[in-house]
Amino acid sequence: MALLEVKDLGIQFGGLKAVDGFHMEIGDNELIGLIGPNGAGKTTVFNMLTGVYQPTDGEILFDGSSISGLTTYEVTKKHMARTFQNIRLYKEMSVSDNIKTSCSVRRKYSLIDAIFHTGKYYKVEQENEEQVQKLLKMFGLEDKADLLAKNLPYGDQRRLEIARALATEPKLLLLDEPAAGMNPQETEDLAVFIKWIKDEFKISILLIEHDMKLVMGICEKITVLNFGKIIAEGTPKEIQNNPQVIEAYIGRKK
Amino acid sequence: MQKNMKKGIIKIVIVVLVFILAKFLIREGIIGAYTERIIITVGINIILALSLNLIIGYTGQLALGHAAFMAVGAYVSAIFTTKLNLPFVPAIILGAVAGGAAGFLIGWPILRLKGDYLAICTLGFGEIVKVLIQNIEYVGAARGFSGIKLFTTFGWIFLFTVLAYILIKRVVNSVYGRDMRAVSQDEIAAEAMGVNAFRAKLLGFIIGCAMAAFAGGLYAHYLMFIDPVSFDFNKSTEILTFVVLGGIGSTSGSVAGAVILTVLPEALRGFGDFIKTYRMLIYSIMIVILMIFRPQGIMGNRELSLQNLMKKGNTFNIKGGEKDGIA
C-alpha cells in the first residue's frame, strides 16, 4: 500500500479554484517532484497536505488513515513534516533548541515531571539531547549548536530547517523550494544532500522546486501542475519531452 | 544526573545561608522594620514580574491587565482567611487557583486567535474586575476590604519568592517552555513541527495568572487592607515596567527589574533635600535613560546563572542575542 494517496483533491478560494482534481501516490522511500510555473498551486497542495488549508474536495490517505480535516500539528504527529519556502526558523532560539523543540512531538513528560524534575524528566531530556546531538553531527552543525538560529549563514539555515523537520521523525518529508536563493554550486550540493537524507533516514520525500536541473536530476517521478491542474506526470525523461510541459514553461512555437 | 544533584545541593545551601543571615540581621535589628518592609515588597514584585514575563517573554502574548489577576487572588484569599477562617497557606493557594481559572476563562476564547488580541482583552478584564469589586458590598465595595490579618512575614515571602523562581525556571527549561518560545517566534512553523500553539499559549497564560493571583494573596495579607483602586491599570503598567526594564524573556532580568525599580525610589530618599523632593522625577528620568541606552532591558534575553558566570566571557556573549521588541 502506498504511504500517501491523494484522490481528487481540490480547494476553492471564493470563486477561484486554486487546485482542482489533484491526485498523487507516494510509496515508501520514494523521491517525488512537484513542479510548475509560479502560481500553479504547488504550495497550496503542500498546505492542504499539512492541514494549513482544509481542502474543499477530495481525500488524503496517509499511512493507512485519512488525514483530511486534521490540524497541522496533528498531521505532524502522524509522521509527516515540512519545510518552508521562506525559511521559518525560531530565530531567537539556539540551533540546538530549534531541533529539540521538534523532539518533544515524540517524547514528552507531564508538567508535574517538569516542575519536580522526576526521573522521567531527566530520562526524556537526555534522550532528546542525544537525538539533537546526532542530528547536529549529521548536518555538520555541531560547532554551531549554541548560536542563535538567525546568526547562521543562509545555507546552514536551510539545513537546520530540514534537521528540525527530521527531528519530528517523519515518514514523509515535504520540502518547499529548498534551493531558493542558492547558487548553482550550492544547488548541486543540495541535490546530493537530499538524496542522502532519503537513503539515510529511509523516508519518502516530496519536493517542490523551480530549479529544473535539481528536480530532473534526483526525482524518480515528477508531477507537473499548471493553473491548479495536473498537466503531466511521469519519469523525468517523459516530462522533459512532454509538449504540454514545454508550453507551460516557455510558451508555444508560432 | 549526579552533576545536577551536586549543583542543586550547592544552590540549596546558598539559599538557606542567605535566609539565615537575613533572619539574623532582622532579629539583631541591623535590618530595620523599614528595610524589611521594602524587602517584602521586593519579594511580591519579583513574583509578579516573573509571572508576567512568562506570558510576555515566553509565550509572546502582550497582557495589559495583570493587576486584575492579582486582585482576584488578593480578594479571594482575603475572603477565605477573614470570613471563612481558613489558614493562610491554603487560602492563598485557593486565591491562585481562582486567578488561574480567570486566566483560563479569558485565554480559552482569545488565544485561539493569532495576533495581539490578548492585550485588548486583558485591558478590558482589568477594568471589569475593578468595577465589579467596587460594587460588591460583601468585600467592602469601593471603601476597600479591611480587617485582613497579617500573615505575610519575611519568612513566607522568602520561601515563596524562591519557589516561584524555581517553578518558572523549571517550566521554561522544559518541553513546555520550549514550545512556548517556539510559538512566540513563529506560530506557523511551530504548528508544522507538531506544537499545539493554542495549548502552549494557554498553559503559559494560566500559570502566569495563577502566580499573579498568588502574589496578590501575599500582598493582601501584608498590607492588611486592599481596595479596588490599588489594582488598576497603573499597577499593571508598573509590573510591565519591571519586565521590560529587566529584559523581556529573561527570568533573571525580571528579578533584576523588580528589585531595582522597587528599591530605587526608596533609596533616593536617603540623599539630600533636592533629590528627596524630586525623587519620583529622577526615578522616571532614570527609566527613560535606561530605555534609550538599553532598549532590550538590563539583561536582554540572557540569563544570569552560575554556569554562565563560570564560562569564559565570549560564550556568554554568543549565547545571548538581543531581542528587538515585544512581538
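The structure this text deals with has already been given above.
To start, this report covers the structure provided alongside it. Values in this document were obtained by computation on a predicted structure and should not be read as measured data. (Residues numbered from 1 in each chain as written. Chains lettered and ligands numbered in written order. Predicted model: local features only at pLDDT ≥ 70, side-chain atom pairs only at ≥ 80, totals over all residues. Heavy atoms only, no water.)

1. Some points on the overall build of chain B
A count of helices and strands for chain B gives 15 helices and 2 strands. Computed over the C-alpha atoms, the radius of gyration of chain B is 20 Å, within 12% of the 20 Å expected from 2.2 N^0.38 for a compact globule of 327 residues. With the principal axes as the frame, chain B shows a C-alpha extent of 50 × 45 × 45 Å. Buried residues in chain B amount to 51% of all 327 residues. For chain B, the proportion of contacts with a sequence separation of at least 24, taken over those separated by at least 6, is 77%. Just so you have it, chain B exposes about 15200 Å², and 70% of that area is on carbon and sulfur atoms. Chain B carries 29 positive and 17 negative side-chain charges, and their two centres are separated by 10 Å. (Helix = DSSP H or I, 4+ residues; strand = E, 2+ residues; numbered from the N terminus. Rg over C-alpha atoms; globule rule 2.2 N^0.38 Å. Buried < 20%, exposed > 50% of the residue type's maximum accessible area, 1.4 Å probe, protein only. Contact = heavy atoms within 4.5 Å. Areas by Shrake-Rupley, 256 points an atom, 1.4 Å probe, with all protein chains shown as cover. Lys, Arg positive; Asp, Glu negative; His and termini not counted. Charge placed at Lys NZ, Arg CZ, Asp CG, Glu CD.)

2. With respect to the interface of chain A and chain B
The accessible area lost on association of the parts is a frequent measure of interface size. Counting from both sides, the interface comprises 37 residues of chain A and, opposite them, 32 residues of chain B. Per-residue buried area on chain A facing chain B is highest for Tyr 73, Tyr 90 and Glu 92 of chain A; these three make up 19% of the total on that side. Across the pair Asp 97 of chain A and Arg 181 of chain B runs a salt bridge, and its minimum N-O distance is 3.7 Å. Where chain A meets chain B, there are 10 residue pairs in polar contact (both at pLDDT 80 or more). When residues of the side of chain A that touches chain B are traced back to their parent elements, those giving at least two are helix H2 (72-77), helix H3 (95-103), helix H4 (111-116), helix H5 (119-138) and helix H6 (154-166) of chain A. Each residue belonging to the side of chain A that touches chain B can be placed in one class, and the counts come to 16 nonpolar, 9 polar and 12 charged. (Buried area = accessible area lost by both parts, 1.4 Å probe. Salt bridge = Lys/Arg side-chain N within 4 Å of Asp/Glu carboxyl O. Polar contact = N/O pair within 3.5 Å; in protein donor to acceptor, adjacent residues only side chain to side chain. Nonpolar A, V, L, I, M, F, W, Y, C, P; charged D, E, K, R; others polar.)

3. Section: the pairing of strand E9 (residues 221-226) of chain A
Residue and element names in this part refer to chain A. Counted residue by residue, E9 has 5 buried out of 6 residues, so it is predominantly covered. With 4 bridges joining them, strand E3 (residues 31-35) and E9 adopt parallel strand pairing. Counted as the bridge partner of Gly 33 is Ile 222 from E9. For E9 and strand E10 (residues 229-234), the ladder comprises 5 bridges, and the chain directions are antiparallel. (Pairing = 2+ DSSP bridges.)

4. Focus: the sheet that holds E9 of chain A
Residue and element names in this part refer to chain A. Taking strand neighbours across the sheet as the criterion, the 6 strands line up as E6-E7-E8-E3-E9-E10 in an open arrangement whose pairing is mixed. Each of the sheet's edge strands pairs with one partner strand only, and the pair in question is strand E6 (80-82) and E10. Between one strand and the next, the sheet's axes are offset by a mean angle of 20°, whatever the strand orientation. Seen against the sheet, helix H10 (residues 243-250) touches E3, E9 and E10 and runs at an angle of roughly 125° to E10. (Axes fitted to C-alpha atoms, helices over the stretch in contact; angles between N-to-C directions.)

5. A closer look at the nonpolar core
If you look at the biggest cluster of nonpolar residues, it comprises 133 residues, and the most contacted ones within it are Phe 139 and Leu 173 of chain A together with Ile 44, Phe 205, Leu 218, Ile 226 and Phe 231 of chain B. A total of 15 residues in this core trace back to one element, the largest contributor, which is helix H9 (residues 197-223) of chain B. The residues contacting Leu 173 of chain A, other than those within four sequence positions of it, are Ala 81, Arg 82, Ile 162, Ala 165, Leu 166, Ile 203, Ser 204, Ile 205 and Leu 206 of chain A. Counting 28 residues, the second largest nonpolar core, distinct from the first, contains Leu 9, Leu 34, Met 48 and Met 80 of chain A. (Core = buried A, V, L, I, M, F, W, Y, C linked by side-chain atoms within 4.5 Å.)

6. Notes on a nonpolar patch on the surface
On the surface, Phe 274, Tyr 278, Leu 281, Ile 285, Val 288, Ile 289, Ile 292 and Phe 293 of chain B cluster together to form a nonpolar patch covering roughly 870 Å² of accessible area. Among the elements that line the nonpolar patch, the one with the most residues is helix H13 (residues 279-293) of chain B, at 6 residues. (Patch = residues over 30% accessible without salt bridge, like charges linked within 9 Å, V, L, I, M, F, W, Y side chains within 5 Å.)

7. Considerations on helix H3 (residues 66-83) of chain B
Here H3 of chain B is 18 residues long and its end C-alpha atoms lie 26 Å apart, about the 26 Å a rise of 1.5 Å per residue gives. With respect to burial, H3 of chain B is a largely interior element, 14 of its 18 residues being buried. (Expected span 1.5 Å × (residues − 1).)

8. Thoughts on the sheet that holds strand E4 (residues 57-62) of chain A
Backbone hydrogen bonds are what pair the strands of a sheet, in a parallel or an antiparallel way. All names here are of chain A. Reading across from one edge, E2-E1-E4-E5 is the order of the 4 strands in this open sheet, with antiparallel pairing throughout. If you trace the sheet from one side to the other, it starts and ends with strand E2 (16-26) and strand E5 (65-66), each paired once. In the sheet, E4 pairs with E5 via 2 bridges, with the strands oriented antiparallel. Note that in E5 the partner of Leu 61 across the bridge is Ser 66.

9. Structural notes on the packing of aromatic side chains
All names here are of chain B. Inspection of the entire model under this criterion finds 21 aromatic pairs over all chains. Centroid distance Phe 19 to Phe 158: 5.0 Å. Interplanar angle 50°. Geometry classified as tilted. Of this pair, Phe 19 sits in helix H1 (residues 2-27) while Phe 158 sits in helix H6 (residues 154-172), placing them 139 residues apart in sequence. Relative to Phe 145, the ring of Tyr 75 lies with its centre 6.0 Å away and its plane at 50°, an arrangement referred to as tilted. Separated by 70 residues along the polypeptide, Tyr 75 in helix H3 and Phe 145 in strand E1 (residues 145-146) bring together distant segments of the chain. Joined through ring pairs, the aromatic side chains of Phe 88, Phe 151, Trp 156, Phe 160 and Phe 214 make up one cluster. A cation over an aromatic ring shows up here: Arg 112 above the ring of Trp 108, its NZ or CZ 4.6 Å from the ring centre. Taking NZ or CZ as reference, Arg 112 lies 4.2 Å from the ring centre of Phe 198, over its face. (Phe/Tyr/Trp six-rings, centres within 6.5 Å; stacked < 30°, edge-to-face > 60°. Lys NZ or Arg CZ within 6 Å of the ring centre and 35° of its normal.)

10. Quick notes on H9 of chain B
Residue and element names in this part refer to chain B. Between its first and last C-alpha, H9 extends 39 Å over 27 residues, near the 39 Å set by a 1.5 Å rise per residue. Counting buried residues along H9, 23 of its 27 residues qualify, which places the element largely inside the surrounding structure. Downstream of H9 by one or two residues, Met 224 has phi in the positive range, about 65°.

11. Topic: the packing of H3 of chain A against helix H7 (residues 175-185) of chain B
Relative orientation of the contacting elements H3 of chain A and H7 of chain B amounts to 110°, with a least axis distance of 10 Å. Judged by the angle between their axes, H3 of chain A and H7 of chain B are roughly perpendicular. Judged by the sense of rotation from one axis to the other, the crossing of H3 of chain A with H7 of chain B is left-handed. Residues Asp 97, Lys 100 and Thr 101 of chain A of H3 of chain A lie in contact with H7 of chain B, whose contacting residues are Arg 178, Asp 179, Arg 181 and Ala 182 of chain B. Split by residue class, the contact of H3 of chain A with H7 of chain B holds 1 nonpolar, 1 polar and 5 charged. (Parallel < 35°, antiparallel > 145°, perpendicular 65-115°, else oblique. Left-handed = near helix turned anticlockwise from the far one by under 90°.)

12. Let's talk about the state of the cysteines
Between two cysteines, a covalent bond joining their sulfur atoms is known as a disulfide. As enumerated under the stated definition, the model contains 0 disulfides over all chains in all. Distance from the sulfur of Cys 121 of chain B, which forms no disulfide, to the nearest cysteine sulfur (Cys 209 of chain B) is 11 Å. (Disulfide = S-S within 2.5 Å.)

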